[in-house]
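Chain and residue survey
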Amino acid sequence: MRAGVEWMERQQVPLYLAALVAGAGIGLLISGVAGPAELAINPVLGMLLYATFLGVPFAKMGLAFRDWRFLTTILVINFVAVPVVVFLLSRIVAHDQVLLIGVLFVLLTPCVDYVIVFTGIAGGAKDRLLAAAPLLMLAQMLLLPLYLWLFVGSEFVQAVDLAPFVDAFLLLIALPLAAAALTQFAAAHTHAGRIVQDVVLGAMVPLMMLTLAVVVASQITGVGQKLAALLLAIPVYVLFAAVMVPIGAVAGRIARLDVPGRRAIVFSGVTRNSLVVLPLVLALPTAFDLAPLVVVTQTLVELMIMVVFVRLIPRLLPTPARNHAATKMPLHSRAQIREP
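Described below are features of the structure shown in this document. The model shown is predicted, which means the values in this text are computed figures rather than measured ones.

Before going further, it helps to spend a moment on the overall build of the protein. For the protein, the helix and strand inventory stands at 19 helices and zero strands. The C-alpha atoms of the protein give 20 Å as radius of gyration, which agrees with the globular expectation for 340 residues (20 Å, within 12%). Principal axes of the C-alpha set define a box for the protein whose edges measure 70 × 45 × 35 Å. For the protein, with 340 residues in total, the buried portion stands at 51%. Taking the intrachain contacts of the protein between residues at least 6 apart in sequence as the baseline, contacts between residues at least 24 apart amount to 86%.

What follows is the structure in structure tokens.
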């Protein structure tokens, strides 16, 4: 079993690409799969986040909460830099209010769920990102209406119901986090707990593959049917990801964060909260019936970008050569180097 887990970890990127292709094939070839697949998104995503949280020692989370430099940087990136970038890029679709609303909803809200998974895969500080998740969720709940008011107007803001944000926080953050904490406690004291922990952690890659496949299968048909109307949003999403990488990297350097911290800042700046925002957009008046597909299109574009970024970001933000070399040396050699 251990050999199989190690093989999957080495082959993550091709496995995730295969999951995307499989999800697209199932969604296009099997009629009626979209509805059940959409219902499965939150349970599957909850399991993925449970496994993710389980892999982060809660003792480290306590330290992460005290890392004010990281927390300040991630807030500035997501709620100062991102709105400026989004406003400028959204001018591409500003002539179409439905496209504009969908783009604003999804790009103004930072991801608090699977970004932690992708950050961990890329060697980023997923423990600090996990600690920041409640703060990011609360901030976007408070600030999204303000940004919509500034960019669209007060009449539209009154039509937005923020209750799905609360539901998403409870189901996708609080519940998996509590389950992971209980499992870690059980693993520290019982053999059965250790078995459960090992099995769940070993299932991380399959759970990510399942999440990718389910999301794509649930949405690919709807996006395909409205592709002509959605095409203009795609370059906005690609440009957003491209612009936020250097902004995040520079912000991390200015804040003097370590390499894992900088990678986490980049991923947080790029990855958006599409799965949580979707219920908000679905609750909009019927005049905005295309807006949910605008959000879903961002999900599909982002998933493909993330599969590339888990390899690209570590190359753009490499571990310092001296530290990397030191980790490759035997322990006794490192001890000799440290001796006077």
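Structure shown, so let's carry the discussion forward.
With that out of the way, let us pick up the packing of aromatic side chains. By the definition in use, this model includes two aromatic pairs. Plain terms: the ring middles of F87 and F151 are 5.2 Å apart, the flat faces sit at 40 degrees to each other, and that makes the pair tilted. On the criterion of sequence distance, the pair formed by F87 in helix 5 (residues 68-90) and F151 in helix 8 (residues 126-151) is long-range, its members being 64 residues apart. The partly exposed category is assigned to F87, whose relative accessible area is 34%. Residue classification places F151 among the buried residues on the basis of a relative accessible area of 18%.

Turning next to the pattern of salt bridges. Under the defined criterion, the tally for this structure stands at two salt bridges. Here D67 makes a salt bridge to R128, at a shortest N to O gap of 3.4 Å. Of this pair, D67 sits in the loop between helix 4 (58-65) and helix 5 while R128 sits in helix 8, placing them 61 residues apart in sequence. The partner of R128 in a salt bridge is D258, and the shortest N-O contact between them spans 3.0 Å. Here the residue R128 occupies a position in helix 8, and D258 occupies one in the loop between helix 14 (233-254) and helix 15 (259-270), the gap between them amounting to 130 residues. When its relative accessible area of 12% is taken as the criterion, R128 is described as buried. By relative accessible area, D258 is classed as partly exposed at 38%.

Moving on, we come to the side chain of T109. Assignment of secondary structure puts T109 in the loop between helix 6 (97-107) and helix 7 (114-121). Here F105 takes part through its backbone oxygen, which lies 3.0 Å from a polar atom of the side chain of T109. The residues touching T109, leaving out its near neighbours within four places in the chain, are Q140, L144, F165, R272, N273 and V277.

Take unusual backbone geometry next. A positive phi angle, close to 60 degrees, is found at R256, a residue other than glycine. Following the sequence through the fold, R256 ends up in the loop between helix 14 and helix 15. The class of R256 is exposed, set by a relative accessible area of 62%.

Turning to the layout of surface pockets, a few remarks are in order. By volume, the largest pocket amounts to about 550 Å³. For the lining of the largest pocket, the secondary structure elements donating two or more residues are helix 1 (2-10), helix 2 (12-29), helix 3 (34-54), helix 7, helix 11 (191-202) and helix 12 (204-225). Ranked by the residues each element gives to the lining of the largest pocket, the list is headed by helix 1, at five residues. Lining the second largest pocket are 14 residues, with E38, N42, L275, L278 and P279 positioned closest to its centre. When residues of the lining of the second largest pocket are traced back to their parent elements, those giving at least two are helix 3, helix 10 (163-189) and helix 16 (274-282). Its residues assigned to classes, the lining of the second largest pocket comprises 11 nonpolar, one polar and two charged.

F70, F105 and F309 are the most contacted members of the largest nonpolar core, which has 122 residues in total. Here this core gets 14 residues from one element, more than from any other, and that element is helix 17 (residues 291-316). What F70 contacts, discounting residues up to four positions off in sequence, is R128, L129, A132, L257, G261, A264 and I265.

Thresholds, definitions, all that
- The written sequence of each chain sets the order in which its residues are numbered from 1.
- Note on the predicted model: pLDDT of at least 70 is required for a residue's local features to be given, and 80 or more for side-chain atom pairs to be given and counted; whole-chain, interface and lining totals, by contrast, use all residues.
- Hydrogens and water are ignored here; the side-chain numbers use all heavy atoms of the structure.
- Each helix is a run of H or I in the DSSP string that is no shorter than four residues. Each strand is a run of E no shorter than two, and both are numbered from the N terminus.
- Here the radius of gyration uses the C-alpha set of atoms, whereas the globule reference equals 2.2 Å times the residue count to the power 0.38.
- Only protein chains enter the accessibility calculation, which uses a 1.4 Å probe; a residue whose area is less than 20% of its type maximum is buried, one above 50% is exposed, and one in between is partly exposed.
- Contacts were defined at the residue level, with two residues in contact if any of their heavy atoms lie within 4.5 Å.
- Stacked, tilted and edge-to-face are the three classes applied to pairs of Phe, Tyr and Trp rings, where Trp contributes its six-membered ring and a pair requires centres within 6.5 Å; stacked means planes under 30 degrees apart, edge-to-face means over 60, and tilted covers the rest.
- Salt-bridge detection follows one rule: a side-chain nitrogen of Lys or Arg within 4 Å of a carboxyl oxygen of Asp or Glu.
- Any pair of nitrogen or oxygen atoms within 3.5 Å is treated as a polar contact; in protein, a donor-acceptor pairing is required on top of that, and neighbouring residues in sequence qualify only through side-chain atoms on both sides.
- With a 1 Å grid laid over protein atoms only, a set of points is called a cavity when a 1.4 Å probe fits there but cannot get out and a pocket when it is open yet has protein on both sides within 12 Å along at least five of seven lines; lining residues have an atom within 4 Å of a point.
- Grid points are joined across faces, edges and corners, and a volume is the space filled by probe spheres set on the points.
- Each residue is assigned to one of three groups, with Ala, Val, Leu, Ile, Met, Phe, Trp, Tyr, Cys and Pro labelled nonpolar, Asp, Glu, Lys and Arg labelled charged, and all others, Gly among them, labelled polar.
- What is meant by a nonpolar core is a set of buried Ala, Val, Leu, Ile, Met, Phe, Trp, Tyr and Cys residues, joined one to another through side-chain atoms within 4.5 Å.

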